[in-house]
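Per-entry structural report
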Amino acid sequence: MSSTTLGQGAAIAFVCVLATSALSQDADPQAIVDAQFAAAGNQKGVRASGAKGVCVKGSFTPTAEAASLSKAPHFAKTVPVTARFSMGGSNAKISDKTKPVTRGFAMRLSDTTGDLVLVIISAPVFSTKTPKQLLDFATVRAPGPDGKPDADKVKAFTAANPETTKQGAWLNARPVPASFVGVDYWGVHAYTLTNAKNEAKVVKLKTVATAGQLGLSDDELKAKPDSFYADELKDRLATGPASFDLVAIMGEAGDPTSDPTVMWPEENRKSVKLGTLAIAAIEPAATCDVATFDPVVDLPEGIAGPTDDPMFAIRSPAYAVSLSRRSAQQ
Ligand code: HEM
């Protein structure tokens, strides 16, 4: 599948809208979620990804510039936020020390008119570019009778799908984060922001940690227990909120919008600070567990996901399958 890029015009956009439903059906969401659960031994009552995590609450305060890019009410005043930090994958017992695994940041910015949900990860790229590729990626990683994936199958899949190695390579080149709030997170999809004058801009969204990139050295990592993120966050928040800047990286002609395995050259792109996310306190897990953070459906006017990226649309039905399965198993 070729990447659609900015600047290819309305005709392509029209074709892409038509193509989206077909593309998003190239694998069944139920089958993908089954494969995601199987990869960690089908644990009960947990998420298909981000199974281990911490629920928090806080607020989002927009900059003055945010409203010039988006008419979403969440970019016009301070709004409450419910969020969840997590470890990638369906293993609720995964060690916080695991590498290369993305850390996740799901957030719901609430307004009386509706929510704005972003579900983002500690890497600028996703592991796969189509649902079918994600299904195969998860399926080859299913544990065999010895409890481990078949190394030859993983090797063959990787050789045939080289873009699926980019996320792991990016994570492996960086230290394990010392804190859920000591690392940047990316919304790997291209979003369109539309302001009150109906002027649209294509952007990628990123949260930049005010604390900076807090990485653990090999020795520090060795000394840590398998679960330290929840306590670290609790201790940190006891002394005051932890914050992130929400930043829009402005797309330019040629930047791909249909393939979340491709990173835009951020250092050469203008970026605009949309506001500050302040994480204030730990919230009971139930607050986050009762629903799913749906990054597709829960978007207000003024911010829209890509219509030509098949990984985006399929997130909604997949998250619903996981929610209904874990709710039934509680
Ligand atoms: C493409 C970029 C994606 C990113 C950045 C991403 C990130 C995340 C994160 C951070 C979570 C944890 C949410 C929470 O704490 O509640 C999550 C959950 C989940 N993800 Fe994704 N994901 C992506 C794509 C997908 C796709 C394409 C699928 C399947 C087709 C998928 C399936 C799931 C499922 C089933 C859950 C569990 C939802 C729940 O039970 O509430 N994700 N994802």
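In case you missed it, the structure is sitting above this.
Reading the values: the criteria
- Residues numbered from 1 in each chain as written.
- Predicted model: local features only at pLDDT ≥ 70, side-chain atom pairs only at ≥ 80, totals over all residues.
- Heavy atoms only, no water.
- Helix = DSSP H or I, 4+ residues; strand = E, 2+ residues; numbered from the N terminus.
- Phe/Tyr/Trp six-rings, centres within 6.5 Å; stacked < 30°, edge-to-face > 60°.
- Buried < 20%, exposed > 50% of the residue type's maximum accessible area, 1.4 Å probe, protein only.
- Salt bridge = Lys/Arg side-chain N within 4 Å of Asp/Glu carboxyl O.
- Donors = N, O, S within 2.8 Å, 3.2 Å for Na, K, Ca; no water.
- Polar contact = N/O pair within 3.5 Å; in protein donor to acceptor, adjacent residues only side chain to side chain.
- Contact = heavy atoms within 4.5 Å.
- Arc of directions from axis to C-beta.
- Pairing = 2+ DSSP bridges.

1. What to know about unusual backbone geometry
That bond from Lys-99 to Pro-100 is cis: its omega, 0°, falls within 30 degrees of zero. Inspection of the secondary structure assignment puts Pro-100 in the loop between strand 2 (79–87) and strand 3 (103–111). Located in the positive-phi region is Asn-42, a residue other than glycine, with phi close to 55°. Within the element layout of this structure, Asn-42 appears in the loop between helix 2 (29–38) and strand 1 (52–62). Of note, the phi angle at Asn-198 is positive, near 60°, even though the residue is not glycine. Here Asn-198 is to be found in the loop between strand 5 (185–194) and strand 6 (200–209).

2. Quick word on the packing of aromatic side chains
In the structure shown here, the tally under the stated rule is 13 aromatic pairs. With 5.5 Å between their ring centres and 15° between their planes, Phe-85 and Phe-180 make a pair best called stacked. On the criterion of sequence distance, the pair formed by Phe-85 in strand 2 and Phe-180 in the loop between helix 6 (166–172) and strand 5 is long-range, its members being 95 residues apart. Residue classification places Phe-85 among the buried positions, given a relative accessible area of 0%. Plain terms: the ring middles of Phe-137 and Phe-157 are 6.1 Å apart, the flat faces sit at 70° to each other, and that makes the pair edge-to-face. Of the two residues, Phe-137 is situated in helix 4 (residues 131–140) and Phe-157 in helix 5 (residues 151–160); the sequence distance between them amounts to 20 residues. Across this residue pair, the class does not change: Phe-137 and Phe-157 are buried. One aromatic cluster is present, formed by Phe-85, Phe-105, Phe-180, Tyr-185, Phe-228, Tyr-229 and Phe-244 through successive ring pairs.

3. Overview of the pattern of salt bridges
It is possible for side chains bearing opposite charge to pair when their charged atoms get close. Enumeration according to the criterion identifies 15 salt bridges in this entry. Ionic pairing is found between Asp-136 and Lys-132, a salt bridge with its closest N-O pair at 2.8 Å. On the criterion of helical spacing, the pair formed by Asp-136 and Lys-132 is a turn pair, its members being four residues apart in helix 4. Classification of Asp-136 as partly exposed rests on a relative accessible area of 26%. The partner of Arg-269 in a salt bridge is Asp-255, and the shortest N-O contact between them spans 2.8 Å.

4. Brief notes about the coordination of the iron atom of the ligand
Reference values for coordination geometry: four tetrahedral donors around a metal ideally subtend 109.5 degrees, six octahedral donors ideally subtend 90 or 180 degrees. Its sole protein donor being Tyr-319 (OH), the iron atom of the ligand sits 2.2 Å from that atom. Take Tyr-319: it is sitting in helix 11 (residues 315–328).

5. A closer look at the side chain of His-189
For His-189, the position within the fold is in strand 5. With a relative accessible area of 3%, His-189 lands in the buried category. A polar atom in the side chain of His-189 sits 2.6 Å from the side chain of Asp-309. Excluding residues that lie within four positions of it along the chain, His-189 makes contacts with Val-203, Lys-204, Pro-260, Pro-306, Asp-309, Met-311, Phe-312 and Arg-315.

6. Some remarks on helix 8 (residues 229–237)
Buried within helix 8 are the following residues: Tyr-229, Glu-232, Leu-233 and Leu-237. Each buried residue of helix 8 sits inside an arc of 120° when the element is viewed along its axis, so together they form one side. Facing away from the buried surface of helix 8 by more than 90 degrees, the exposed residues are Lys-234 and Asp-235. Elements that come into contact with the buried residues of helix 8 comprise strand 1, strand 2, strand 3, strand 7 (242–250) and strand 8 (271–282).

7. Looking at the pairing of strand 8
Two strands pair when backbone bridges link them, and strand 1 and strand 8 are joined in this way by seven bridges, in the antiparallel orientation. Across the sheet, the residue bridging to Thr-61 is Thr-276, located in strand 8. Taken together, the eight bridges between strand 7 and strand 8 define a ladder with antiparallel strand orientation. Paired with Phe-244 across the two strands is Leu-277, which belongs to strand 8.

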